[in-house]
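One letter stands for each residue in the lines below.
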Amino acid sequence: MRELTYVARRTVEWREAPDPKVRSAGEAIVAPVAATACDVDSSILAGHGFIDPPFALGHECVAEVTDVGEDVTGVVPGDLVVVPWAVNCGTCAHCRSGLTAHCTSVPHMAMYGAPIGGSWGGLFSDLVRVPYADAMLVPLPAGLDPVAMASASDNWSLSWRLVAPHLRARPGARVLVVARGSIGLYVCDIARAFGASDVLYVDPDAGHRRLAESYGARTAEAIEPVPHGFDVAVEATGRVEQLALAVRSLAPEGVCESAGNHFRPGELPLLDMYLTGVTLRIARDNVRAHIPDALDLASSGKVAPERVVSHVFDWEQLLDALPEKHLKPVFVRGITPGRASS
């Protein structure tokens with residue numbers, strides 16, 4: 001089989017690897033059918049990552065199950081499934097408490113798409129081994145388009161977690177979104193669906209702002225801090241100065257969720273944060289715990305994640321198209337774009 005391998009800035013290549021096989025009774029083999037670039041993949045491809053190449057890339061996809069071990073009961077060959085980015089067993093104490101990104105049955109930070117916590121390959125590969133199939137794989141609900149849900153492995157489900165629980169706890173909350181890629185746009189859509197009274201989306205990209213406006217958000221190219229202006233802030237830029245802007249704009253006891261990959265150091269306004277009383281969370285997402293809720297929302301008809309998909313390419317175009325700058329490209333094979341799961 002082939003693995004799409006990141007080798008240098010804006011450069012990927014196909015490399016041959018042995019076809020993965022089921023090694024134990026609880027494993028599965030899947031073939032990605034709709035895979036997309038996470039926002040962090042875009043940073044890696046731009047040369048801003050912290051891991052030296054080469055490594056297999058990709059950690060967001062809907063896949064078709066091709067083989068399962070004899071103990072797997074949750075999926076069968078032919079099923080379409082969401083493959084979460086983090087490798088997790090589902091049975092250790094961390095997994096049982098929802099901390100699936102910190103599974104103790106595998107090396108710390110084990111994941112697809114980067115050689116952290118071992119080498120698990122990437123989801124831009126022809127075939128992928130899933131070691132804990134029943135714990136990890138989530139069947140795609142009938143009626144959902146694999147292309148629209150290609151990001152459920154990470155960015156779509158992460159976006160649900162960034163804003164939905166806060167709006168449940170604070171009905172009608174005001175939401176600030178400071179972003180550059182798909183995460184912020186998904187957040188705008190989800191915030192509207194959960195009844196935010198105001199959503200301000202800040203992004204220098206005019207096309208992104210138009211898309212945010214289609215979700216009912218106010219938009220701005222840039223802003224100064226808005227003291228006490230928002231109950232919830234989401235920062236997804238990877239720029240510390242933008243994170244500082246977000247926390248400076250919070251109301252007393254407000255919450256800031258940072259989904260930016262902060263590869264560079266910087267300073268935060270800690271005194272301002274102390275005086276206002278804010279909660280700041282900077283973290284990888286324990287995505288497996290949130291995928292079902294995020295898929296339920298997508299099935300409700302209250303959101304339109306398909307609008308964030310900027311391009312649909314054939315699988316064989318990965319080599320040339322992935323390094324280009326696109327908001328949310330999806331690469332497909334074996335399915336017709338727009339086809340719903342059945």
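Computed from a prediction, not measured in an experiment: that's the story for all the values here.

So, the overall build of the protein chain
Then, in step 1: When helices and strands are counted, the protein chain shows 10 helices and 16 strands.
Then, in step 2: A compact globule built from 342 residues should have a C-alpha radius of gyration of about 20 Å, and the protein chain, at 19 Å, falls within 12% of that.
Then, in step 3: Reported as C-alpha extents along the three principal axes, the dimensions of the protein chain are approximately 55 × 40 × 35 Å.
Then, in step 4: Expressed as a percentage of contacts within the protein chain between residues at least 6 apart in sequence, the contacts between residues at least 24 apart total 68%.
Then, in step 5: Of the roughly 13700 Å² of accessible surface on the protein chain, 50% is carried by carbon and sulfur atoms.
Then, in step 6: Here the protein chain carries 29 positive and 40 negative side-chain charges, and the mean point of each set is 4 Å from the other.

Overview of helix α9 (residues 291-299)
Then, in step 1: Those residues of α9 lying buried are Ile291, Ala294, Leu295, Leu297 and Ala298. Projected onto a plane normal to the axis of α9, the buried residues spread over an arc of 155° and lie on a single side.
Then, in step 2: Following α9 by one or two positions, Gly301 has its phi on the positive side, about 85°.

Let's talk about the pairing of strand β9 (residues 174-179)
Then, in step 1: Burial analysis of β9 places 5 of its 6 residues in the buried class, which makes it a mostly covered element.
Then, in step 2: The pairing of β9 with strand β10 (residues 198-202) spans 5 bridges and is classified as parallel. Within β10, the position partnered with Val178 by the bridge is Val202.
Then, in step 3: After leaving β9, the chain enters helix α5 (residues 182-193) and then returns to the sheet as β10, a path that is right-handed.

Considering a nonpolar patch on the surface
Then, in step 1: Where nonpolar side chains cluster on the molecular surface, the patch consists of Leu271, Tyr274 and Leu275 and spans about 420 Å² of accessible area.
Then, in step 2: By the element assignment, Leu271 lies in helix α8 (residues 270-276).
Then, in step 3: Among the residues examined, Leu271 registers a relative accessible area of 57% and is labelled exposed.

Considering the sheet that holds β9
Then, in step 1: The 6 strands are arranged β11-β10-β9-β12-β13-β14 in an open sheet whose pairing can be described as parallel. Bordering the open sheet on either side are β11 (218-220) and β14 (279-282), each of which pairs with just one other strand. Recorded for the sheet is a direction-independent mean angle of 15° between the axes of neighbouring strands.
Then, in step 2: Pairing analysis gives 5 bridges linking strand β12 (residues 230-236) to strand β13 (residues 250-258), with the strands arranged parallel. Bridge pairing in β13 links Ala233 to Cys256.
Then, in step 3: Relative to the sheet, α5 contacts β9, β10 and β12, its axis offset from that of β10 by approximately 170°.

Things to note about the sheet that holds strand β4 (residues 55-56)
Then, in step 1: An order of β2-β1-β4 is seen for the 3 strands of this open sheet, with the pairing classed as antiparallel. The sheet is open, and its two edges are formed by β2 (11-16) and β4, each paired on a single side.
Then, in step 2: When strand β1 (residues 2-8) meets β4, the two strands line up antiparallel, connected through 2 bridges. Across the sheet, residue Tyr6 finds its bridge partner in β4, namely Phe55.

Procedures and definitions
- Residues numbered from 1 in each chain as written.
- Predicted model: local features only at pLDDT ≥ 70, side-chain atom pairs only at ≥ 80, totals over all residues.
- Heavy atoms only, no water.
- Helix = DSSP H or I, 4+ residues; strand = E, 2+ residues; numbered from the N terminus.
- Rg over C-alpha atoms; globule rule 2.2 N^0.38 Å.
- Contact = heavy atoms within 4.5 Å.
- Areas by Shrake-Rupley, 256 points an atom, 1.4 Å probe, with all protein chains shown as cover.
- Lys, Arg positive; Asp, Glu negative; His and termini not counted.
- Charge placed at Lys NZ, Arg CZ, Asp CG, Glu CD.
- Buried < 20%, exposed > 50% of the residue type's maximum accessible area, 1.4 Å probe, protein only.
- Arc of directions from axis to C-beta.
- Pairing = 2+ DSSP bridges.
- Right-handed = clockwise from strand over helix to strand, strands pointing away.
- Patch = residues over 30% accessible without salt bridge, like charges linked within 9 Å, V, L, I, M, F, W, Y side chains within 5 Å.
- Salt bridge = Lys/Arg side-chain N within 4 Å of Asp/Glu carboxyl O.
- Axes fitted to C-alpha atoms, helices over the stretch in contact; angles between N-to-C directions.

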